[in-house]
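Each chain, letter by letter, is given below.
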Amino acid sequence: MACRFLDKANAAKAEIEAAGITGSISTVQLDVTDDASIEQAAAAVAQQFGRLDVLVNNAAMGVSDLDARARFLKTMETNTFGPFQVAKAFRPLLLKSSTAGAGAGAYSIYVTSGQGSLAHTFENPPHPNTPPDAEAYNACKAALNMYMLLDWRQSRQAGGGVRVFGMCPGFVVSNLRGPNEAARNPGGAAQDPRESGKLVLSIVQGQRDADEGRVVRSEGTWPW
Ligand SMILES: NC(=O)c1ccc[n+]([C@@H]2O[C@H](COP(=O)([O-])OP(=O)(O)OC[C@H]3O[C@@H](n4cnc5c(N)ncnc54)[C@H](OP(=O)(O)O)[C@@H]3O)[C@@H](O)[C@H]2O)c1
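- An unreviewed UniProt entry lists the chain under the name Short chain dehydrogenase/reductase, with Apiospora hydei as the source organism.
- Annotation of the chain in UniProt includes, under Sequence similarities (unreviewed entry), the sentence "Belongs to the short-chain dehydrogenases/reductases (SDR) family."

### Overview of the pattern of salt bridges
Logical step 1: Evaluation of the coordinates by the stated rule reveals 9 salt bridges.
Logical step 2: Its salt-bridge partner being E77, residue K74 comes within 4.0 Å of it at the nearest N-O pair. Within this pair, K74 and its partner E77 are both found in helix α3 (residues 68-94), separated by 3 residues, close to a single helical turn.
Logical step 3: Among the residues examined, K74 registers a relative accessible area of 33% and is labelled partly exposed.
Logical step 4: On the accessibility criterion, E77 (32% relative accessible area) is partly exposed.

### A look at the packing of aromatic side chains
Logical step 1: Scanning all chains against the criterion turns up 4 aromatic pairs.
Logical step 2: Geometrically, the ring pair formed by F81 and F84 is stacked, given 5.4 Å between the ring centres and 20° between the ring planes. Of this pair, F81 and F84 both sit in helix α3, 3 residues apart, which is roughly one turn of that helix.
Logical step 3: Geometrically, the ring pair formed by Y110 and Y147 is edge-to-face, given 5.7 Å between the ring centres and 80° between the ring planes. One end of the pair, Y110, is in strand β4 (residues 105-111); the other, Y147, is in helix α5 (residues 135-157), with 37 residues separating them in the sequence. Accessibility assignment for this pair places Y110 and Y147 in one class, buried.
Logical step 4: Within the aromatic cluster, the residues linked to one another by ring pairs are F81, F84, Y110 and Y147.
Logical step 5: Seen from the ring of W222, R217 lies directly overhead, with NZ or CZ sitting 3.8 Å from the centre.

### Let's talk about the sheet that holds strand β6 (residues 215-216)
Logical step 1: Judged by pairing direction, the sheet is mixed, and its 5 strands sit side by side in the order β3-β4-β5-β6-β7 without closing on themselves. Bordering the open sheet on either side are β3 (54-57) and β7 (221-222), each of which pairs with just one other strand.
Logical step 2: With 4 bridges connecting them, β3 and β4 associate as parallel partners. Bridge pairing links L55 to S108 in β4.

### Side note on the site of the ligand
Logical step 1: In the vicinity of the ligand, 24 residues are found, and the nearest of them are R4, D31, N58, Y137 and S174.
Logical step 2: Out of a free accessible area of 880 Å², the ligand has 81% covered by protein chains.
Logical step 3: When grouped by side-chain class, the residues that make up the shell around the ligand number 11 nonpolar, 8 polar and 5 charged.

### Topic: the nonpolar core
Logical step 1: With 26 residues, the main nonpolar core has L30, L52, V86, F90 and Y110 as its most contacted residues.
Logical step 2: When contributions to this core are tallied by element, the ones reaching two or more residues are α2 (35-48), α3, β4, α5 and β5 (161-167).
Logical step 3: When residues in this core are grouped by element, the largest group, 6 residues, is from α3.
Logical step 4: If near-sequence neighbours (up to four positions away) are discounted, V86 is found in contact with L30, V32, I38, L55 and N57.
Logical step 5: Of all hydrophobic cores here, the second largest spans 9 residues; its members include Y107, I109, L199 and V216.

### Side note on the packing of α3 against α5
Logical step 1: Orientation of α3 relative to α5, taken along the N-to-C sense of each, is 20°, at an axis distance of 8 Å. Comparing their axes, α5 and α3 come out roughly parallel. In the crossing of α3 with α5, the sense of the turn from one axis to the other is right-handed. Between α3 and α5, the residues in contact are R71, F72, T75, M76, N79, T80, P83, F84, A87 and R91 and A136, Y137, A139, C140, A143, L144, Y147, D151 and S155, respectively.
Logical step 2: Within the contact of α3 with α5, the residues separate by chemical class into 12 nonpolar, 4 polar and 3 charged.

### Remarks on α2
Logical step 1: The end-to-end C-alpha distance of α2, which contains 14 residues, comes to 20 Å, matching closely the 20 Å that a straight helix rising 1.5 Å per residue would cover.
Logical step 2: The complete set of buried residues in α2 reads S37, I38, A41, A42 and V45. Buried residues of α2 fall within an arc of 135° about the axis and therefore sit on the same side. Seen from the buried face of α2, the exposed residues on the opposite side, beyond 90 degrees, are E39, Q40 and Q47.
Logical step 3: The N-terminus of α2 is capped by D34, whose side-chain oxygen sits 3.1 Å from the backbone nitrogen of A36.
Logical step 4: Of the residues trailing α2, G50 is marked for its positive phi of about 75°.

Cut-offs applied
Once a new chain begins, its residue numbering starts again from 1 and follows that chain's sequence as written. Note on the predicted model: pLDDT of at least 70 is required for a residue's local features to be given, and 80 or more for side-chain atom pairs to be given and counted; whole-chain, interface and lining totals, by contrast, use all residues. The basis for the side-chain values is all heavy atoms of the structure; hydrogens and waters are excluded. UniProt positions are given in the numbering used here, feature names are shortened, and annotations may be inferred rather than shown by experiment. The salt bridge criterion pairs a side-chain nitrogen of Lys or Arg with a carboxyl oxygen of Asp or Glu, the two atoms within 4 Å. The numbering of helices and of strands both runs from the N terminus, where a helix is a DSSP run of H or I of at least 4 residues and a strand a run of E of at least 2. Accessibility here uses a 1.4 Å probe with only protein chains present; expressed as a share of the type maximum, an area under 20% marks a residue as buried, one over 50% as exposed, and anything in between as partly exposed. Two rings from Phe, Tyr or Trp (for Trp, the six-membered ring) form a pair when their centres sit within 6.5 Å of each other. Planes less than 30 degrees apart are called stacked, planes more than 60 degrees apart edge-to-face, and all others tilted. Here, over-ring charges are defined by two tests on the NZ atom of lysine or the CZ atom of arginine: distance to the ring centre within 6 Å, and angle to the ring normal within 35 degrees. Criterion used throughout: strands pair if DSSP finds at least two bridges between them. Residues are labelled near a given molecule or strand when at least one of their non-hydrogen atoms is within 4 Å of it. Shrake-Rupley sampling with a 1.4 Å probe provides the accessible areas, and residues are treated as covered by the protein chains on show and by no other component. Side-chain classes follow a simple rule in which Ala, Val, Leu, Ile, Met, Phe, Trp, Tyr, Cys and Pro form the nonpolar group, Asp, Glu, Lys and Arg form the charged group, and the remainder, Gly included, forms the polar group. Among the buried residues, those of types Ala, Val, Leu, Ile, Met, Phe, Trp, Tyr and Cys that are joined through side-chain atoms within 4.5 Å form a nonpolar core. The contact criterion used is simple: two residues touch if any of their non-hydrogen atoms lie within 4.5 Å. Between N-to-C directions, angles cover 0 to 180 degrees, with each direction set by a line fitted to C-alpha atoms, over the stretch in contact for helices. What sets the label is the angle itself: under 35 degrees gives roughly parallel, over 145 gives roughly antiparallel, 65 to 115 gives roughly perpendicular, and the rest give oblique. Should the near helix be turned anticlockwise from the far one by less than a right angle, the crossing is termed left-handed; should it be turned clockwise, right-handed. A helix's residues, less one, multiplied by 1.5 Å, set its expected span. Here the arc refers to the set of directions running from the helix axis out to each C-beta atom. Polar contact criterion, stated in full: a pair of N or O atoms within 3.5 Å, where within protein one must be able to donate a hydrogen and the other to accept it, and residues adjacent in sequence count only if both atoms are side-chain atoms.

Shown next, in the form of structure tokens:
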């Protein structure tokens, strides 16, 4: 579990362990806006494990109250360029996965959003809980989808070894829209984030392999 603040990572690890999971969790510092931290995290995983079977590129930020240019650049740096750099740094470890081989491979999952779908935006009015200044977030997720698609195509052309997916967690309770309860669960309409976890699990268990290279959601896929 990679987090930009190790104390938060270790607190989350303790919480998950207290809930009684099987298996083990290791933590590593990684800030997706800091290339040195990304390289150090990849080196730490290489040293401790020598390989990676699944990469979930989850980090993102929502809207903030910076001016429009600063907001766009910060969001792009975190939500699009960050995952790009993380995927690049961890690719050699994914290729060393025990699952790598013809027709199989490790999983590289980009957590994106239906808000990044051009077709959905063309065909629908805004989601009732979309903030009025969400342009940066939506545009950055659309750009992330393009990067995911290029990564998928490159992986196929290289003969496989990494199965690349986009994944939308759905509208779920989280800190993305702000830390207070009204922001975490606007209108009480957000779903339980454990449903998003189940979707990630279904991908890494191979149940969504037919949707490789697409943005999967719990029901089907998002149009581009
Ligand atoms: N919640 C939804 O309804 C929803 C819908 C569609 C898509 N998504 C996507 O789901 C993913 C998870 O978001 P979430 O809703 O769970 O929001 P969240 O609770 O705010 O989680 C986002 C995580 O990203 C981390 N992060 C932010 N900047 C980072 C950086 N520079 N380096 C490393 N980590 C960083 C945050 O770390 P800190 O704890 O240190 O802030 C936080 O743990 C995101 O990609 C989001 O776009 C969410």
